[in-house]
Structure formats: structure tokens, C-alpha cells
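# Architecture at a glance
Okay, here's what each chain looks like letter by letter:
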Amino acid sequence: MASSRGEFSSRFGFIMAAAGSAVGLGNIWGFPTQAASNGGAAFLLVYLVLAFTLAYPALMAELVIGRHAHANAVRALRLISTGPKSRFVGGATGIIGFIVASLILSFYAIVAGWMIAFCLSSATALLGFDDASTWLSSFSLEGNLFFMLAFLALTVGIISRGVQDGIERWSSRLMPVLLVTLVLLVLYVLSLEGASEGLKVYLLPDFSRALEPSLIISALGSAFFSLSLGVGTMLIYGSYISDKENLPVLGGMVTLVDILIAVVSGFLIIPAMYVALHNGVEIFDSTGALISEDTLIFTVLPGLFSTMGMAGTIVSFSFFFLMSIAALTSSISMLEVPVAYTIEEHGVERKTSVMAIGLMIALASTVILFNFDTLFGLVVAISTRYAQPLLGFIFCVYAGWIWHRNRVLKELRKGSEDVENTLFWKIWPWYVRLVCPMIIMGIFIQSIFG
Ligand code: TRP
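If you're wondering where the values come from, they're calculated on a predicted model, not measured in any experiment.

## Notes on the environment of N72
- Mapped onto the elements of the fold, N72 is located in the loop between helix 3 (41–69) and helix 4 (73–79).
- A relative accessible area of 2% places N72 in the buried class.
- Residue contacts for N72: discarding those within four places in its chain leaves R5, L235, I236, A340, Y341, E344 and E345.
- At 3.2 Å, the side chain of N72 forms a polar contact with the backbone nitrogen of R75.

## Concerning the site of the ligand
- For the ligand, the set of nearby residues contains 17 residues, the closest of which are A22, G26, Y108, F225 and S226.
- Measuring from an oxygen atom of the ligand, one finds a backbone N or O atom of L25 at 3.2 Å.
- Y108 is positioned with one of its side-chain polar atoms (N or O) 2.7 Å from an oxygen atom of the ligand.
- Relative to its unbound accessible surface of 370 Å², the ligand loses 100% to contact with the protein.

## Regarding empty space enclosed by the protein
- Applying the stated criterion across every chain, the model contains 4 cavities of 30 Å³ or more.
- Estimates place the volume of the largest cavity at around 160 Å³.
- What lines the largest cavity is a set of 19 residues, among which S21, I104, F225, S228 and M334 lie closest to the centre.
- Taken together, the elements giving at least two residues each to the lining of the largest cavity come down to helix 1 (11–22), helix 2 (25–37), helix 5 (84–126), helix 11 (213–226) and helix 15 (309–346).
- Grouping the constituent residues of the lining of the largest cavity by class yields 9 nonpolar, 10 polar and no charged.
- By volume, the second largest cavity is sized at about 70 Å³.
- Every residue lining the second largest cavity is listed: L185, V189, L268, I269, A272, L301, L304, F305, V315 and F319.
- Where the lining of the second largest cavity is concerned, the elements lending two or more residues are helix 8 (162–190), helix 13 (247–278), helix 14 (293–306) and helix 15.
- A per-class count over the lining of the second largest cavity returns 10 nonpolar, no polar and no charged.

## Structural notes on the pattern of salt bridges
- Evaluated as defined, the whole model comprises 10 salt bridges.
- The shortest N-O distance in the salt bridge between R75 and E345 comes to 3.0 Å. Placement of the pair is R75 in helix 4 and E345 in helix 15, with a sequence separation of 270 residues.
- Residue class for R75 comes out partly exposed when judged on its relative accessible area of 31%.
- Note that R413 and E420 form a salt bridge whose closest N and O atoms lie 2.5 Å from each other.
- Residue E420 is classed as partly exposed on the basis of its relative accessible area of 37%.
- One continuous salt-bridge network, built from bridges that share partners, spans R67, D243, E411 and K414.

Definitions and cut-offs
- Residues numbered from 1 in each chain as written.
- Predicted model: local features only at pLDDT ≥ 70, side-chain atom pairs only at ≥ 80, totals over all residues.
- Heavy atoms only, no water.
- Helix = DSSP H or I, 4+ residues; strand = E, 2+ residues; numbered from the N terminus.
- Buried < 20%, exposed > 50% of the residue type's maximum accessible area, 1.4 Å probe, protein only.
- Contact = heavy atoms within 4.5 Å.
- Polar contact = N/O pair within 3.5 Å; in protein donor to acceptor, adjacent residues only side chain to side chain.
- Near = heavy atom within 4 Å.
- Areas by Shrake-Rupley, 256 points an atom, 1.4 Å probe, with all protein chains shown as cover.
- 1 Å grid on protein atoms, 1.4 Å probe; cavity = no way out; pocket = protein on both sides within 12 Å on 5 of 7 lines; lining within 4 Å.
- Points joined across faces, edges and corners; volume = space filled by probe spheres on them.
- Nonpolar A, V, L, I, M, F, W, Y, C, P; charged D, E, K, R; others polar.
- Salt bridge = Lys/Arg side-chain N within 4 Å of Asp/Glu carboxyl O.

The following block contains the structure:
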């Protein structure tokens, strides 16, 4: 069965694909601004600890279940179930997971569309087409619709080519480009006046802020979003890994790349904000906190770029190009979740499935765009704040409680014969059984009542 469905051809291909999924808009803008407004290096430290001790074990739960079943989440969770009840809950979790993955894609595509529009806006400015450039960065409804559709078309194009020719090939091409662009941007921004002020904010730890419980919980939430956990994305990527590979090592590398990119992005965004301040652009809001999120990306940074003349336009192009790539390698991993389900459970052809699901998601994004003020925030909250942690909780329960420990061990032994004697096997089973579910519940309760 494994050979008739897709499989990553190499370790490098898997790492690029999974890291491509993990590294997205969350890393490049979410993490840096959170760090800046929450105690700088102290937040970084909390984030690092949480990513390795909690997000990594949860990632491993999805990878090992997926690789064992070599199937989508619905079938995989049913396979490791022990009775009718757990089979039912497992199947339902898989189905809800693919619905949530589609919802996440429906708002992600809108944001990614803005990134493409801003990228093209810089390109047209470079070529001297000023009117086109202004229109491209104006957030008009037609523009939003068009670029959302264009972004989904790219995603659909890649996913319709399958695992090796689509996901693996494009992730392996785009991720190195992303890395090089990011490093060049960091080096350039660090050479500008004002950057060292930003470095101080980023690197000087303020422990009094970083140890607040609400902050720890939000750091964990962003670590989960950043590693694409909960909706079966990593499970389906795990299902395409060959039985010869060492899972704990592969999962560890993906976690490392994800964290590395988040940390390096901090060296771009925060110094850039202080360069902007130096050039007279406002970077604090009315409460004195650093401006973050969409205002940072679409107002403060463009404000900075426009003070830098021609160089600013090139930097702006590179920055939004970087964002577009990061979004694309993430969106393909979201679309693969429902697509794999319909192919495997309902025998639909890949191309048909991709087109049909792509159209449905485009429709959902269109509805969101027409009702932006009411729907956008709501869809983000339902899918990422509520559904993701809850589903992540169930995955950990299946890996820690439902699936028999010896069977888990047997699966991990493929590709790593002496896994039993490693630190991983001494710690991970307890983490995924007790620590992860408890902490995830903590986030969930906090996000409802907090
Ligand atoms: N991890 C990506 C980011 O940081 C987003 C992402 C991709 C995602 N696939 C996902 C989030 C699945 C949740 C679920 O932007």
C-alpha cells in the first residue's frame, strides 16, 4: 500500500516539506513581535524550552501515528483504536481535523494574497509603474479576491502533482530560497542605523515578563501553531515517510529548523522596527507597546521601506517575496490534509479532489472577504485558538493512552533499532501521555476563560 500512495524520496525532501509546512507567516511575523513585546530574550528562552519539551513530543505523536498507518488521520486513528468507542472518536477527530485544516487555509490564503500583492507592488514600483503599484497595495476588494485566488491556484497546482513531484519538489526548491533571502535581509537590516537598538530589545532578557503564566501559555500556543500541530498535517506528512527513517531524529530536525527560522526572523523584524524609528516612522501604539501584527507588516515596514529610496523598494520586494514563499510551503501542507482523505477514503482521483476542495476553499475565502469584519477574526479564533489545541490533545491521548506502548515501540524501532535505549524513549512516552495533554488542556481552558 505504501508504494501505491506517495512517499518522500529522501530524508532531505521530507525535512524540507515538513519544515516548509512549519515555517510560515507564524514564524516570520508572529514570533518576533511577540518576543519584542514580552520580555525579549526571556521570551525566546521560554519559547525554546516549550518548543522542545512540549511541541516536539506532540509533533512526534503525529509523525509516529502517521508513519505506522501510512494513511490519512481518519484511517490512522481508527487503526490504532482498541474498541468501537475509540474508533468512532478517532474517525471523528480525523474528519474534524481536515475541516479545520481547510478553514485555516481559507483565511491563510487571504493573508498570503496580500503578501503576493505587496511583492508585486514593489516590483511594479521598481519598473516605474506607480499607479499599478499603488493599486496593488491598496487592499481593494477586487485585489484581495484576485490574489487570494491566485495564491490558491498556486497551492492547487502544487498539490495536484502529488507527494514527490508536488510537495517534495517545491518545498526542496523554495525552502533554500527562503533561507537565503532571510539571511540576506537580516544582514542588510543589521547594517543600518538604529538596528543595534532593536537588537538590544530582542536580546536583553526581562525575566519578570517572561515568567507570567499567561505569557507561557501564549508562547505554547504559538509553538503549536508554528509546528502545524493538531489538524493532521504532520500526521499525513509522517505517513509519507519511509519505514527506514529514524523518526525521532527527523522530527527533531524539523523542530530545529522551525525554531531557527523563528529566531532568525527576530533578527530581521525587531531591528527593522528600530531602523524605522530612526527614520521617523512610528513604531509604538497609543499604549506605548510595539505595533504588531498586520499594522506592523503592512504599515510600519512599508513605511520604513519608503524612507530608504530605491534600496527600500528592493528590500520590500525581497521581504514580501519571502513571506509569499513561507505561506506557500505552509498552505500546500494544509490542502494535502483534506485531499489525502478524499483520495484514500473515497477513491477520488487526486486531480479531481484537489480541484473540488480548492474550489470549496476559494468559496469560503470569498465569503470571508465579503464579510471581513465579522468573519475573519472569528474563523482565525475558532480554528487556531479552539480547534487546534483540542485536536492536538486527542492526538496525544491516542499516542499515549489508546495505542499500546509496545506497538508504539515496534513502530519506532523501524529505522532506529535501539530506540529503546535512547533518552527519547525514556522521556517521550510520559510526556505524550501526561505532560502534553495536561498542558494543552491548560491552554484550552485559558483560551476560553482567560
Ligand atoms: N505552521 C505554519 C505557520 O507557522 C502554519 C500552518 C501550516 C499550520 N500548516 C498548518 C497551522 C496546520 C495549523 C495547522 O505559519
